[in-house]
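So the chains spell out like this:
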Amino acid sequence: MPAVSKGDGMRGLAVFISDIRNCKSKEAEIKRINKELANIRSKFKGDKALDGYSKKKYVCKLLFIFLLGHDIDFGHMEAVNLLSSNKYTEKQIGYLFISVLVNSNSDLIRLINNGIKNDLASRNPTFMNLALHCIANVGSREMAEAFAADIPRILVAGTSPDLVPMGEWTARVVHLLNDQHLGVVTAATSLITTLAQKSPDDFKTSVSLAIARLSRIVTSASIDLQDYTYYFVAAPWLSVKLLRLLQCYPPPEDAALRGRLTECLETILNKAQEPPKSKKVQHSNAKNAVLFEAIALIIHHDSEPTLLVRACNQLGQFLQHRETNLRYLALESMCTLASSEFSHEAVKTHIETVINALKTERDVSVRQRAVDLLYAMCDRSNAKQIVAEMLSYLETADYSIREEIVLKVAILAEKYAVDYTWYVDTILNLIRIAGDYVSEEVWYRVIQIVINRDDVQGYAAKTVFEALQAPACHENLVKVGGYILGEFGNLIAGDSRSSPLVQFNLLHSKFHLCSVPTRALLLSAYIKFINLFPEVKATIQEVLRSDSQLRNADVELQQRAVEYLRLSCIASTDILATVLEEMPPFPERESSILAKLKRKKGPGNLPDIDDIRREREKERDVNGGTEHTNSNDAGTKVSPYPSTDLLGLNPAPSTGASLLVDVFSDSSAAPASVDVSAGAAVSEENFSRFVCKNNGVLYENQLLQIGLKSEYRHNLGRIYVFFGNKTSTQFLSFSSSVSSQDTLKSQLNVHAKPVDPTVDGGAQVQQILNIECVSDFIDAPVLDIQFRYGGTLQNIAVKLPVMLNKFFQPTEMMSQDFFQRWKQLGAPQQEVQKIFKAKHSMDTEVTKAKIIGFGAALLDGVDPNPSNFVGAGVIHTKMSQVGCLLRLEPNTQAQVNTHTPVTHTNLELTYADTNSLSLCLSLSLCLSLSRCID
């Protein structure tokens, strides 16, 4: 906000407000207000023109009177006149009056809209902000219609960057941490923290100054900082801000500096043990705020075992504190501490306290944090105890957290199962207790594990058979039972109590109570029974032959019944055994339950200790180049990271049916084998794939996946960039910016919105790029990504697929018009020809799809030669619009010859501009299209 000059104090307004406050009665207040209204009315109607300051003062008085509850029926025009002022304070009061007092149906709305339109068109961002605020506050239909075209233009203009480059001001801003006035230091720390999250390297010199300032505050007595001591706590707000600033960086490498910081943190922990100096809640709040921020810094550095254990013990004391907020914060911080190998054992010592909190806490949010902590502290030594407690709590748990508890129990049972019979019992018990909250991923997973492990198949069949005998079974249990008995029912068929006919009758007794998908699964189990137990073939065929199956209203059930019945009648025993053989083992892969939990929890959930250890091993492999081999196939290299598509943007293999959806899809897109710790060489691997499409995966390596979703209209575009963390470790100091060559900067405006500086493991963040095509261009901007992974700075540079044809708008033309214009474009500078060999056979449908994806309108029946492809469109730039005609001529030698004539629709341009622009456009479009077709 612009600085307010000394003369903007409006002394008359201050006196008027003082008079109102000094009134002894309501009658005296009304009398004083009526006197002021008469004075303002006379001033507005007087012959002498009022200056901007007087108008502002009187309008402000009217606004104050209105806020006191009195009606105002004049002064509106004077407020509208203030909108045309060039002074910020006058314009601000005008907009404030209009936002509060002017009705959306007022006769002045047209004048107000004109004033707003002038400010939106100005180059002053402050005036633009005032106008935008007014539109948002009033929000009338007239304003929506008047500014529907202007607001989107401002949104993608990119003329007001969110962050101004500091340049030579960096050192001066950092030096403010040494200022004698703690108010200045507090404000500077907030600014530096925000800037450091976006550009950590530029402000790393602030670490030493922040530690020095923190040390002086922590070691000082409360009387030393009397003006900034809050209930016997020295400068708590500044201390918290300094500790947050230090969390933007790894531990200092300098031993002396590191020792001084450790001393500060130890002092804060020691003070937490001291008796309180005041019984007031403000004292404990300030003291605990500094303590929790210090613990957050200790956890962030994760390098001092002594401090981590002390922090854990301190948090353990809070677990039984009478204050609910402290118990919540302690549980939340201990969840993070449990992921450190130094403090994991210390956290486990509080397991009984956490279990007690789970049972006795009245606040559901605290109970949820207790569940999170039990999940985080779980390992092989306490897995059975924790899973049993979570199952016990699940019976009475709040409905809002039941699904999350189910997922966590399923994950822990699988992760720490030494005896898989315990795993089967746990999952079946889970379905019994909370079947409605057991997702498909959970029962899918138990099926996969049973099929992959021969030693547990018989036990699983026996257990589900016994579970199904309960009078009321959840449908998910019926699904699991149907699948397992259909595969492995023969393993328990020797017992007369679980003979084949008994198994079938037990399953079929549940059939009519289930949904259609479950019935379909049971029908598949029945046909499996025919293969396993020929003696029940006639009974099953009778069920399949019944009218309720063959004439079922559901097409899926009817089709299965007909096909299974026919298969059982005409197929020989050998064919049945081949068709209905036992399911092969599923390939080992990351648990889908874990992926679902990550999606449900979202950013902010830290990995447990086992994930941390695995990630550190992977980090060494990535940086050290250690080669991993699969034990099943020693000659096959395995990526140390799962190649899951976090963004859901990887294209599926191309088929004829999906031709128009993705003309560039590849059957396999391997991640880029790039050394992520090396310098940032610009990656162009997938650049050409985006010539004819707007969505997909742009870049991928072992750590990061970058996906794009783009949309363009005329000369404006917007790109949604998705950054996916493929690891389970946080990316810190994450930043992404767009750089362009000097020439390109004047041709293409790219405005990048800031991105979240922290990307949690398995999570993704989004960045929005707004693009404006000013004039024709050939080069493409570069996306520069920086982040810290495992203490190592990673640099990645990727070429952004922003080509000229992205601003191509298709245009329909008749055959006569097309060739008439084609003949008119005979000048050398208006036509470019490129001959190139096609790498693949010229498939007509594929080529059409690529031309449409390229942006041109495909004109069928225009060219006399049916083998040729003809297109037309208009390139939109801010400076001009350029029409383009295109012909693609395949020949018998499997070569392609493309002509791209270009014409100007604006006849007022000079020949020089026309020549240079047309030639540049033609070259760029030819190059892009040849990449697309090639």
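## Quick word on the overall build of the protein chain
Okay, step 1: When you go through the protein chain residue by residue, the secondary structure sums to 38 helices and 20 strands.
Okay, step 2: The 934 residues of the protein chain split such that 49% are buried.
Okay, step 3: Considering only intrachain contacts with a sequence separation of at least 6, the fraction spanning at least 24 residues in the protein chain is 68%.

## Brief notes about helix α28 (residues 516-532)
Okay, step 1: The terminal C-alpha atoms of α28, which comprises 17 residues, lie 24 Å apart, in line with the 24 Å expected from a rise of 1.5 Å per residue.
Okay, step 2: Taken residue by residue, α28 has T518, A520, L521, L522, L523, A525, Y526, I527, K528, F529 and I530 as its buried positions.

## Some remarks on the nonpolar core
Okay, step 1: Grouped together as the largest cluster of nonpolar side chains are 145 residues, with contacts concentrated most on L374, I405, Y423, L430, V480, I484 and L485.
Okay, step 2: For this core, the element with the highest residue contribution is helix α23 (residues 420-434), accounting for ten residues.
Okay, step 3: Those residues in contact with L485 that sit more than four places away from it in its chain are A461, V464, F465, L468, I492, Q503, L507, F529 and L532.
Okay, step 4: Of all hydrophobic cores here, the second largest spans 48 residues; its members include L703, L704, F723 and A856.

## Re the pattern of salt bridges
Okay, step 1: Summed over all chains, the structure comprises 28 salt bridges.
Okay, step 2: For R153, the salt bridge is made with D150, and the minimal N-O distance between the two is 4.0 Å. You can see R153 and its partner D150 sitting in helix α9 (residues 150-157), three residues apart, about one turn around the helix.
Okay, step 3: Judged by relative accessible area, D150 falls into the buried class, the value being 16%.
Okay, step 4: Two residues, D372 and R369, come together in a salt bridge whose shortest N-O distance is 2.5 Å. Taken together, the positions of D372 and R369, both in helix α20 (residues 364-377) and three residues apart, correspond to about one turn of that helix.
Okay, step 5: For D372, a relative accessible area of 6% corresponds to the buried category.
Okay, step 6: For R369, a relative accessible area of 13% puts it in the buried group.
Okay, step 7: It is possible to trace a salt-bridge network through shared partners that takes in D19, R32, E36 and K61.

## Things to note about the pairing of strand β8 (residues 716-725)
Okay, step 1: Here β8 lies mainly inside the structure; eight of its ten residues are buried.
Okay, step 2: Here strand β7 (residues 704-713) pairs with β8 via ten bridges, running antiparallel. Its bridge partner being in β8, Q705 is matched across the sheet by G724.
Okay, step 3: Between β7 and β8, which pair antiparallel and follow one another directly, the connecting turn spans two residues, one of which, H714, has a positive phi of 55°.
Okay, step 4: The sheet contact formed by β8 and strand β11 (residues 764-773) spans nine bridges and is antiparallel. In the strand pairing of β11, V721 is matched with Q767.

## A closer look at the packing of helix α27 (residues 500-508) against α28
Helices that pack against each other are described as a pair by the angle of their axes relative to one another and the distance between those axes.
Okay, step 1: Contact geometry of α27 with α28 gives a least axis separation of 11 Å together with a crossing angle of 170°. Here α28 runs roughly antiparallel to α27, going by the angle between their axes. Residue-level contacts link P500, Q503, F504, L507 and H508 of α27 to L522, Y526 and F529 of α28.
Okay, step 2: In terms of residue class, the contact of α27 with α28 is made up of six nonpolar, two polar and no charged.

## Focus: the sheet that holds strand β5 (residues 682-683)
Okay, step 1: If you walk across this open sheet you meet the four strands as β5-β13-β12-β9, and the pairing is mixed. Either end of the sheet is taken by a strand with one partner, and the two such strands are β5 and β9 (732-739).

## Notes on the packing of aromatic side chains
Okay, step 1: Under the definition given, this model contains 19 aromatic pairs.
Okay, step 2: Judged by centre distance (6.5 Å) and plane angle (5°), the ring pair of F731 and F734 falls under stacked.
Okay, step 3: Taking relative accessible area as the criterion, F731 reaches 0% and is therefore assigned buried.
Okay, step 4: On the accessibility criterion, F734 (1% relative accessible area) is buried.
Okay, step 5: An aromatic cluster is defined as three or more aromatic residues linked by ring pairs; in this entry it consists of F723, F731, F734, F787 and Y789.
Okay, step 6: Above the plane of the ring of F127 lies K91, whose end atom (NZ or CZ) is 4.7 Å from the centre.
Okay, step 7: In this structure, K799 is placed above the aromatic ring of F687, and the distance from its NZ or CZ to the ring centre is 4.8 Å.

## Side note on the sheet that holds β8
Remark on secondary structure: sheet strands pair via backbone hydrogen bonds, oriented parallel or antiparallel.
Okay, step 1: Here five strands make up an open sheet; going across it, the order is β6-β7-β8-β11-β10 and the pairing antiparallel. Each edge of the open sheet is held by one strand with a lone partner, namely β6 (695-700) and β10 (748-752). Strand after strand, the sheet turns through a mean of 25° between neighbouring axes, direction not considered.
Okay, step 2: Bridge count for β6 against β7 is five bridges, and the pairing is antiparallel. From the neighbouring strand, G696 faces β7, where its bridge partner is L708.
Okay, step 3: The strands that α9 touches are β8, β10 and β11; relative to β11, the one it contacts most, it runs at about 110°.

## Remarks on a nonpolar patch on the surface
Okay, step 1: Together, F66, L67, L96 and V100 give the surface a local cluster of nonpolar side chains, amounting to about 340 Å² of exposed area.
Okay, step 2: Where the nonpolar patch is concerned, the elements lending two or more residues are α3 (52-67) and α5 (88-101).
Okay, step 3: Tracing the chain through its elements places F66 in helix α3.
Okay, step 4: A relative accessible area of 30% means that F66 is categorised as partly exposed.

## Here we look at the packing of helix α22 (residues 399-415) against helix α24 (residues 440-452)
Okay, step 1: Viewed as axis vectors pointing N to C, α22 and α24 meet at an angle of 15°, and their least axial separation amounts to 11 Å. Compared by their axis directions, α22 and α24 come out roughly parallel. Relative to α24, α22 is oriented so that their crossing is left-handed. Only V442, R445 and I449 of α24 make contact with α22, whose side of the interface consists of V406, L407, A410 and E414.
Okay, step 2: For the contact of α22 with α24, the residue count by class is five nonpolar, no polar and two charged.

## Observations concerning the environment of H474
Okay, step 1: Mapping H474 onto the fold places it in the loop between α25 (454-468) and α26 (475-488).
Okay, step 2: Assessed through its relative accessible area of 26%, H474 is described here as partly exposed.
Okay, step 3: Each C-alpha atom of the pair H474 and I433 lies 9.3 Å from the other, and the pair is 41 residues apart in sequence.
Okay, step 4: H474 has contacts with I431, G435 and D436, leaving out every residue within four places of it along the chain.
Okay, step 5: A polar contact is formed between the side chain of H474 and the backbone nitrogen of N476, at a distance of 3.0 Å.

Criteria and thresholds
Residues numbered from 1 in each chain as written. Predicted model: local features only at pLDDT ≥ 70, side-chain atom pairs only at ≥ 80, totals over all residues. Heavy atoms only, no water. Helix = DSSP H or I, 4+ residues; strand = E, 2+ residues; numbered from the N terminus. Buried < 20%, exposed > 50% of the residue type's maximum accessible area, 1.4 Å probe, protein only. Contact = heavy atoms within 4.5 Å. Expected span 1.5 Å × (residues − 1). Core = buried A, V, L, I, M, F, W, Y, C linked by side-chain atoms within 4.5 Å. Salt bridge = Lys/Arg side-chain N within 4 Å of Asp/Glu carboxyl O. Pairing = 2+ DSSP bridges. Axes fitted to C-alpha atoms, helices over the stretch in contact; angles between N-to-C directions. Parallel < 35°, antiparallel > 145°, perpendicular 65-115°, else oblique. Nonpolar A, V, L, I, M, F, W, Y, C, P; charged D, E, K, R; others polar. Phe/Tyr/Trp six-rings, centres within 6.5 Å; stacked < 30°, edge-to-face > 60°. Lys NZ or Arg CZ within 6 Å of the ring centre and 35° of its normal. Patch = residues over 30% accessible without salt bridge, like charges linked within 9 Å, V, L, I, M, F, W, Y side chains within 5 Å. Areas by Shrake-Rupley, 256 points an atom, 1.4 Å probe, with all protein chains shown as cover. Left-handed = near helix turned anticlockwise from the far one by under 90°. Polar contact = N/O pair within 3.5 Å; in protein donor to acceptor, adjacent residues only side chain to side chain.

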